Amino acid sequence: MALAVFLSVLSVLSRLQAVKSGSGDLRNQPVNMLANMSPSGGGGDECDHVMNLSAAERCAFVKNTPDCNMEDGFINYLHVAFCLLSPNLTPLTITLCIIWLLFLFLILGLAASKFFCPNLSAISTSLHLTHNVAGVTFLALGNGAPDIFSAMAAFSYPHTAGLAVGALFGAGIFVTTVVAGGVALVKPFAVASRPFLRDVIFYMAAVFWTFVILYRGTTSLEEILGYLVLYVVYVLTVIISAFIYNRQKHSVNTSIQDVAHLPDSEYRPLLPYSESTSQILLSSLNPVDNRKWRRKSWRWRALKVLKTPVEVLLLLCIPVVDPDKEDRNWRRPLNCLHLITAPLVCVFTFQSGIYGNYKIQGEFPLWLLIFLLGLFLSAIAFFTTTNDRPPRYHPLFALLGFVVSAVLISAVASEVVSLLHMLGVVLKLSTTVLGLTLLAWGNSIGDCFSDITIARQGYPRMAISACFGGIIFNMLFGVGLGCLVQMVKTHSNVQFELQGLLTWILVGSLGLSLVLSFIIVPLCRFHLGRTYGIFLLLFYAIFLVIALLTEFGKIHIIHT
């Protein structure tokens, strides 16, 4: 948390410095001087060239180069690196930014797993959706939220589109090789043939479609809508396949009956006990389960200590509805507080907080109006409800939690993209390699642990289905929604600025891994053993080595 405060102070100082520089000497410098500062010789449209200048010239270049403007983040990291801090402190700056990046990934993971996914599950339950429909729509959106919002943020500008491409394709290779290989090593099993072939075929179609768009360097509205239509076709295929399978299963054995799910009463007290309002509020803000704490290892406890402050802040701002609990997670004092804090979080985080300073008619702050409305609704909810029974409109809190967590995840994803862009400029790394490494690993590491854990618990088929089904959603919606939002903003087709050979190695490697899986798995009679798992891990290691050698110029195209 001290690091977060430190970087927030840096943000304020950098913005103040930017305001002061607007009337300083730099604005009066000749245009020709600023043009000569860019190695490209033009008006300075490429921020990547800043490292080719001397330390004294970098700050002026960053301030006067449009490509260096970071409008989608709370902190202008390039101003911090080149204007606010001394060039001698660059190693310290990079170290702090990497720690801050890990902290942002922690926020993304907690917001998605603890708030976004449960509320989506509650919404699907309230709408009485089947497990198949919920799994390929709402739950897929919940699991892929970090990837999708990161891609949408990266597609906001042409110079960071490579970051989105690297992240989506890099995460695809990581999940289909490292995660799938880990599942095969942990629990060798026979994969379900038809669902496996279905997912691989749809994923190959999505990869090929993306390859065509990247090769052309631009995309149209019709192609982007086709992306979304392709996912609709995939969802319908899943639903129809499940319907046919269930009918066949029912015809074979009609004696199987659904067993009603009973809530756990292991720790229900023998005598009724009612907590006071203050006790409910304090217990609701405590993310540590004492029973689980005693059973866990010291590593889990250490990580929980790091996550607890973030969880408490998120619990203060985002409501969570749990249909599996008897009281549906109704916490009267905290839920009433959410009616105040949740809208304020949306105001201060939506589009990097531009509405935080907005004033109605130039006089009345928007955030104050939202606060007063929230206070009014909170008072009504508090005095018309009780602690022990949720109101009829309690499912609406799931919708509120979904919106707030989505806005928060989008804001954090934009911050991650801005930070990775700065690291790419300082370290002279392309946005593609940053996407396929740091961003892909950060967004996929949770899937890695969860899928391998599911496999260890005896559900390897579920784990392998998650490996392929989730990334189909991430690619189609990550590219589709990202480009669609950009088209709405610019009223023009999306242009891609990609990093040459590395992009094609990335696309080709993902396509090759899918083709090999499509051929090898049927030849092995759909049995995934340890040999296949080792093959997938070696494939990823070779891909990563080739990608890094290409990034550092050891592998390149020879022009004749």
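As recorded in an unreviewed UniProt entry, the protein goes by Sodium/calcium exchanger membrane region domain-containing protein and comes from Anabas testudineus. Quoted verbatim from the Subcellular location (unreviewed entry) field of the UniProt record, the comment on the protein reads "Membrane".

A. Focus on the overall build of the protein. Per the secondary structure count, the protein includes 21 helices and 6 strands. Of the contacts formed within the protein by residues at least 6 apart in sequence, a portion of 77% connects residues at least 24 apart. When the accessible surface of the protein is totalled, it reaches about 28900 Å², and 65% of it is carbon and sulfur.

B. Highlighting the pattern of salt bridges. Evaluated as defined, the whole model comprises 3 salt bridges. The partner of R198 in a salt bridge is D199, with the nearest N and O atoms 3.1 Å apart. Accessibility assignment for this pair places R198 and D199 in one class, buried. One salt bridge in this structure joins E311 and K304, with 2.9 Å as the shortest N-O distance. The class of K304 is buried, set by a relative accessible area of 6%.

C. Here's a closer look at the state of the cysteines. Going through the model one piece at a time under the given rule, you end up with 1 disulfide. Considering cysteine sulfurs only, C346 is the nearest to C317, which forms no disulfide, with 9.8 Å between them.

D. Structural detail: the nonpolar core. In this structure, F82, F169, V416 and M422 are the most contacted members of the largest nonpolar core, which totals 123 residues. Not counting residues within four places of it along the chain, the set of residues in contact with F82 comprises V50, M51, R58, C59, V62, V425 and V426. Counting 9 residues, the second-largest nonpolar core is a separate cluster that includes A122, V321, L339 and A381.

E. Local environment of unusual backbone geometry. We note that R525 has phi near 60 degrees; this positive angle belongs to a residue other than glycine. Following the sequence through the fold, R525 ends up in the loop between α20 (501–523) and β6 (527–528). R525 sits in the exposed class, given a relative accessible area of 76%. Residue F526 is not a glycine yet carries a positive backbone phi of 60 degrees.

F. Main features of a positive patch on the surface. Side chains of K114, K292, R294, R295 and K296 sit close together on the surface and give a patch of like positive charge. Ranked by residue count, the leading element in the positive patch is helix α13 (residues 290–295), at 3 residues. Given a relative accessible area of 41%, K114 falls into the partly exposed group.

Thresholds applied
Residues numbered from 1 in each chain as written. Predicted model: local features only at pLDDT ≥ 70, side-chain atom pairs only at ≥ 80, totals over all residues. Heavy atoms only, no water. UniProt positions renumbered as here; feature names shortened; annotations may be inferred. Helix = DSSP H or I, 4+ residues; strand = E, 2+ residues; numbered from the N terminus. Contact = heavy atoms within 4.5 Å. Areas by Shrake-Rupley, 256 points an atom, 1.4 Å probe, with all protein chains shown as cover. Salt bridge = Lys/Arg side-chain N within 4 Å of Asp/Glu carboxyl O. Buried < 20%, exposed > 50% of the residue type's maximum accessible area, 1.4 Å probe, protein only. Disulfide = S-S within 2.5 Å. Core = buried A, V, L, I, M, F, W, Y, C linked by side-chain atoms within 4.5 Å. Patch = residues over 30% accessible without salt bridge, like charges linked within 9 Å, V, L, I, M, F, W, Y side chains within 5 Å. Lys, Arg positive; Asp, Glu negative; His and termini not counted. Charge placed at Lys NZ, Arg CZ, Asp CG, Glu CD.

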